[in-house]
Amino acid sequence: MADPEHLKIIQQGVEVWNEWRGKNRDVRPDLVGADLREASLSGADLSVADLSVADLSGAFLYKANLSGADLREASLSETYLTSAVLKQADLREAYLHKADLRGADLNQADLRGATLIETLISGAVLNGANLSGADLREAELSGADLSAAVLTRAVLTRAVLTGAVLYGADLSGADLNGANLSGANLSRADLREADLTQAVLVGTRLAEGANLSRCKIFGVSAWRLELDDTTEQADLIITGEDEPVVTVDNLEVAQFIYLLLHNEKIRDVIDAITSKVVLILGRFGDERKAVLDEIREALRHRDLTPVLVDFDKPASKDVTGAVETLARMARFVIADLTDPSSVPHELATIIPFMRTTPIIPIRLKGAGGYSMFDDLERSYPWVLPKYEYAEPAALIAALEKDVIGPAQAKAEELRSEPGMSPG
């Protein structure tokens, strides 16, 4: 139990207590099990004090110095610890339900097994703190500095960690189910086998070797992630507890893969895209809009969906990537070479990879040539012979027979070959 003399002194107020501490630096305050409920202790010097099992519920400890204090199993429910100094404090098994730790310094504090449900910790400094196994359910940790903190097996269910700094933190095996990690910095963090089920990861930084191996990410919301080549994403579990385990190695595509597996409508959409979309590439000035409209109308009559890329501006790397993505999803590609200012570059990029997507080139007779195209025709069986037309009216009249028909037939042929699939 608490030393009666020490208890009597602190009950006289902070001014008396701090004066006594200043004169007795060699004495360690003994306040074990003390009843200090709702005590006014703002600015009190409680450094290295033994407050284990003490009841500080509802106490005011604003800017109090608790560095090195023993607070094991102490009751700190609804305690005001704003801007308090808790460096190297021992808070193992402490009960901090609804405590206010905003701006507190918990550098290297030990919070193993502590309960911090609905605790306010925004802006707190917890770098290097040991929170292994701590109960931080629904804790408000937005903006908190948790860099290098140890949070192994910590319970952070529905905790708010928006903008928190978790650089180099150990979150292996932590329960982050439903946690909000938007804008948080988790670079170099160890998240192996953490539960990120239904967590929010919007604009979250996971670079510099952050390790998410074997994380549970069912229902995760991941957008605008900051990743790099060193981010470990192996064996991410995208299925729920009651489902067969399905793993992927990319957090950003995990949501799509799960939808693809479980949503029949999504599968129908993908099937519709790969079986109906026709990509049209070309440079279509005003004089060629009529031809373009006729091509699209003919495709629609075939229950096909035309998607146009009009190269009226110089191509860029981003455009090339987009064209390749669209081409991989398309049933076939119609490439107009009449004005070959940029289309040839796209074709040279995508043709080698389009093993199941026929490409049929069309060109107005007398238009500038594309010398390399003959080589592409000879090298890749999915490139059909060029169809040349004397005038737009001739092309329109021959669309079904000489352009769409052969492309459709080639698509069926390629996709029926063993081991071949769209894209």
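*Asks:* Any chance you could explain the overall build of the chain here in plain terms?
*Replies:* Assigned secondary structure in the chain consists of 9 helices and 9 strands. Expressed as a percentage of the 423 residues in the chain, the buried residues total 47%. In the chain, the share of contacts with a sequence separation of at least 24, taken over all contacts with a separation of at least 6, comes to 29%. Per element, the accessible surface of the chain, about 19300 Å² overall, is 49% carbon and sulfur.

*Asks:* Sorry if this is basic, but what is going on with the pattern of salt bridges here?
*Replies:* When charged atoms on two side chains of opposite charge get close, those side chains can pair. As enumerated under the stated definition, the model contains 27 salt bridges in all. One salt bridge connects Arg 92 with Asp 110, and the closest N-O pair in it is separated by 3.9 Å. One end of the pair, Arg 92, is in the loop between α2 (14–23) and β1 (200–202); the other, Asp 110, is in the loop between α2 and β1, and 18 residues separate them in sequence. Judged by its relative accessible area of 29%, Arg 92 falls in the partly exposed class. Note on Asp 110: relative accessible area 13%, which makes it buried. Glu 241 is the partner of Lys 216 in a salt bridge, and the nearest nitrogen-oxygen pair spans 3.0 Å. With Lys 216 in the loop between β1 and β2 (221–223) and Glu 241 in the loop between β3 (236–237) and β4 (247–248), the pair connects residues that are 25 residues apart, well separated along the chain.

*Asks:* What is the right way to read the sheet that holds strand β8 (residues 359–364) from this model?
*Replies:* Hydrogen bonds between backbone groups are what pair the strands of a sheet, and the pairing can be parallel or antiparallel. Ordered in space as β6-β5-β7-β8-β9, the 5 strands form an open sheet in which the pairing is parallel. At either end of the open sheet lies a strand with only one pairing partner, and these are β6 (305–310) and β9 (387–389). In this sheet, neighbouring strand axes are inclined to one another by 20° on average, regardless of whether the strands run parallel or antiparallel. One ladder, built from 4 bridges, connects strand β7 (residues 332–336) with β8; its direction is parallel. Residue pairing for β8: Val 333 is matched across the bridge by Ile 359. Sheet contacts for helix α5 (residues 289–301): β5 (277–282), β6, β7 and β8; angle to β6, the most-contacted strand, approximately 155°.

*Asks:* Any chance you could explain helix α9 (residues 392–416) here in plain terms?
*Replies:* Quick reminder: α-helices carry 3.6 residues per turn. Residues three or four places apart thus point the same way. Helix length check: α9 (25 residues) gives 34 Å between terminal C-alpha atoms against 36 Å at 1.5 Å per residue, within 8%. The largest bend along α9 reaches roughly 75° and is located at Ala 398.

*Asks:* Would you mind going over α5 with me for this structure?
*Replies:* End to end, α5 covers 18 Å across 13 residues, agreeing with the expected 18 Å (1.5 Å per residue, within 8%). Those residues of α5 not exposed but buried are Val 291, Leu 292, Ile 295, Ala 298 and Leu 299. The arc enclosing the buried residues of α5, seen along the axis, measures out at 130°, which places them on a common side. Away from the buried face of α5 by more than 90 degrees, exposed residues Ala 290 and His 301 are located. The inward-facing, buried residues of α5 contact β5, β6, β7, β8 and α9. A positive backbone phi angle near 65° is found at Asp 303, which sits one or two residues after α5.

*Asks:* I would appreciate a short explanation of the nonpolar core in the present structure.
*Replies:* The tendency in soluble globular proteins is for nonpolar side chains to be buried side by side. Membership of the largest hydrophobic core comes to 87 residues, with the highest contact counts inside it found for Leu 111, Leu 126 and Leu 141. Of all the secondary structure elements, the ones that give two or more residues to this core are α1 (4–10), α2 and α3 (251–262). Beyond its immediate chain neighbours, meaning those up to four positions away, Leu 111 contacts Leu 91, Leu 96, Leu 106, Leu 116, Leu 126, Ala 129, Asn 130, Leu 131, Ser 132 and Ala 134. One finds Ile 280, Leu 292, Ile 334 and Ala 398 within the second-largest nonpolar core, a separate group that totals 22 residues.

*Asks:* Whenever I open this one, the environment of Glu 193 confuses me. Can you help?
*Replies:* Mapped onto the elements, Glu 193 comes out in the loop between α2 and β1. It is 7.6 Å that separates the C-alpha atoms of Glu 193 and Ala 174, two residues lying 19 residues apart in sequence. Within polar-contact distance, the side chain of Glu 193 engages the side chain of Arg 214 at 3.0 Å.

*Asks:* What is the right way to read the environment of Asp 105 from this model?
*Replies:* Mapped onto the fold, Asp 105 is located in the loop between α2 and β1. For the pair Asp 105 and Ala 129, spaced 24 residues apart in sequence, the C-alpha separation works out to 9.7 Å. Among residues more than four places away in sequence, those in contact with Asp 105 are Ala 84, Val 85, Leu 86, Lys 87 and Val 125.

*Asks:* Got a minute to help me understand unusual backbone geometry in this structure?
*Replies:* With glycine set apart, most residues show a phi of negative sign, and most peptide bonds adopt trans. One non-glycine residue, Glu 73, lies in the positive phi region at around 60°. Its place among the elements puts Glu 73 in the loop between α2 and β1. The exposure class assigned to Glu 73 is exposed, which follows from its relative accessible area of 54%.

Cut-offs used in this document
- Residues numbered from 1 in each chain as written.
- Predicted model: local features only at pLDDT ≥ 70, side-chain atom pairs only at ≥ 80, totals over all residues.
- Heavy atoms only, no water.
- Helix = DSSP H or I, 4+ residues; strand = E, 2+ residues; numbered from the N terminus.
- Buried < 20%, exposed > 50% of the residue type's maximum accessible area, 1.4 Å probe, protein only.
- Contact = heavy atoms within 4.5 Å.
- Areas by Shrake-Rupley, 256 points an atom, 1.4 Å probe, with all protein chains shown as cover.
- Salt bridge = Lys/Arg side-chain N within 4 Å of Asp/Glu carboxyl O.
- Pairing = 2+ DSSP bridges.
- Axes fitted to C-alpha atoms, helices over the stretch in contact; angles between N-to-C directions.
- Expected span 1.5 Å × (residues − 1).
- Bend = angle between axes of the 7 residues up to and from the residue.
- Arc of directions from axis to C-beta.
- Core = buried A, V, L, I, M, F, W, Y, C linked by side-chain atoms within 4.5 Å.
- Polar contact = N/O pair within 3.5 Å; in protein donor to acceptor, adjacent residues only side chain to side chain.

Read these as spatial facts, not as claims about activity.
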